[in-house]
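Coordinates in review
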Amino acid sequence: MAGLKRRVPMHSLRYFISMVGLFSKSGLLPWLADVVTPLWRLSYEEQLKPVINGYRNKSTFSVNRGPDGNPKTVGYYLGTWRDGNIVCVRSNNLKNIPEKHSQVAQYYEVFLRQSPLEPCLVFHEGGYWRELIVRTNSQGHTMAIITFHPQKLSQEELHVQKETVKEFFIRGPGAACDLTSLYFQESTMTRCSHQQSPYQLLFGEPYIFEELLSLKIRISPDAFFQINTAGAEMLYRTVGELTGVNSDTILLDICCGTGVIGLSLAQHTSQVLGIELVEQAVEDARWTAAFNGITNSEFHTGRAEKILPGLLKSKEDGQSVVAVVNPARAGLHYKVIQAIRNCGAIRTLVFVSCKLHGESTRNIIELCCPPDSAKKHLGEPFVLQQAVPVDLFPHTPHCELVLLFTR
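Residues numbered from 1 in each chain as written. Predicted model: local features only at pLDDT ≥ 70, side-chain atom pairs only at ≥ 80, totals over all residues. Heavy atoms only, no water.

**Here we look at the pairing of strand 8 (residues 208-212)**
- Here strand 8 shows a buried face lined by Ile208, Glu210 and Leu212 and an unburied face lined by Phe209 and Glu211.
- Pairing between strand 8 and strand 9 (residues 215-219): five bridges, direction antiparallel. Bridge pairing links leucine 212 to leucine 215 in strand 9.
- What sits between strand 8 and strand 9 in their antiparallel hairpin is a turn of two residues, with leucine 213 showing a positive phi close to 50°. (Buried < 20%, exposed > 50% of the residue type's maximum accessible area, 1.4 Å probe, protein only. Helix = DSSP H or I, 4+ residues; strand = E, 2+ residues; numbered from the N terminus. Pairing = 2+ DSSP bridges.)

In structure tokens:
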């Protein structure tokens, strides 16, 4: 997703061109690779990763001016909006992007350059065509999602655009991508959920499926799923080992996405309770539970800070509760921290962080600090017992960090 859109400060586009030899393939591609995947020159042994190339199962491509000035270029950003030197560079030769993803992006660019409609580069300046998301699974199935700013087009005009892009990927040049499904979302905001603006299936299967930890998992267009499938299996095994759950344990899976962590441990627990904001992800989790014959799980849709306190009130009867939290980069809402701190039944907490600094640091401090009535942290503090890094992002400096807390 946006994690790949690194910003590289540069004084001006002219300076950038002179520095990297913009029209020289040998100059441009290594520069982009150094920014997006700075470890790309290291060997397998140096990186110690299970799957190091083409591991992303989801990629988000932007549309903007390329090195040649063409505004209908599909790729990733170099530069900063602040300095006004953004340039969009194709993803070819980036080691973390599968060839299939780059292929779909390339054909989307071909389509854009044939379209009479302009791209939407800046919202208040008009334009229509926006970003492309590509999702794939280990079976080779490919889902593409095109975001489109409708501006003031009529429904008839919108229908023409949807039919045009559909025809391009079914019978036109884009048929070479062999898409399993194509979605279209009309969005007037930077990000829109399915509830705000539904994903419209233009053709193909509504979901893609993945095999992980002996489970068949259903994944909707906007559902969260770890972007490195092989790495995710290692991550979830690590989480499972640290939880120490048994048949008397209730497992609380907060920010559960498609429910994989909880469902992979369901056979070892008394009950799995999942909470997730994205409704489609919860529906995926329920489908996955039913398909795999898991009957001791339930999943709740909504904000964790609103659902969790009520869910925990009934868990003070002495039964052991183990909580797993896997929040987005923004971390956990302070009310979620309050609910966890104040639920005495939670003796073990496993915190999965994709960005330890920032809000996650605040979360950790609030979990471990002495009781504070002003902040409504009345429960016994947690103690950090173990930290295990799991590398889900080869060629980059990022990793997931799994933290075990007890009290």
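Still more ground to cover, so stick around.
**Regarding the environment of threonine 238**
- Structurally, threonine 238 is set in helix 6 (residues 229-243).
- For threonine 238, a relative accessible area of 12% translates into the label buried.
- Remark: the alpha-carbon pair of threonine 238 and valine 402, spanning 164 residues in sequence, is separated by 7.8 Å.
- Those residues within four positions of threonine 238 in sequence are excluded, and the remaining contacts are Val388, Val390 and Val402.
- At 2.9 Å, the side chain of threonine 238 forms a polar contact with the backbone oxygen of methionine 234. (Contact = heavy atoms within 4.5 Å. Polar contact = N/O pair within 3.5 Å; in protein donor to acceptor, adjacent residues only side chain to side chain.)

**Considering the packing of aromatic side chains**
- Evaluation of the coordinates by the stated rule reveals 11 aromatic pairs.
- When the centroid spacing of 5.1 Å and the interplanar angle of 85° are considered together, the rings of phenylalanine 111 and tryptophan 129 count as edge-to-face. Taken together, the residues phenylalanine 111 in helix 4 (residues 99-114) and tryptophan 129 in strand 4 (residues 129-136) connect sequence positions 18 residues apart.
- In this structure tryptophan 129 comes out as buried when scored by relative accessible area, which is 0%.
- Between tryptophan 287 and phenylalanine 291 the ring centres are 4.8 Å apart and the planes differ by 10°, which places this aromatic pair in the stacked class. A residue pair is termed a helical-turn pair when its members lie 3 or 4 positions apart in one helix, as tryptophan 287 and phenylalanine 291 do in helix 8 (residues 279-291) at four residues.
- Exposure remark for tryptophan 287: the relative accessible area of 25% places this residue in the partly exposed category.
- Among the aromatic side chains, those forming a connected cluster through ring pairs are Phe111, Tyr128, Trp129, Phe148, Phe168, Phe169 and Phe184.
- Against the face of phenylalanine 209 rests lysine 216, its NZ or CZ located 4.9 Å from the ring centre. (Phe/Tyr/Trp six-rings, centres within 6.5 Å; stacked < 30°, edge-to-face > 60°. Lys NZ or Arg CZ within 6 Å of the ring centre and 35° of its normal.)

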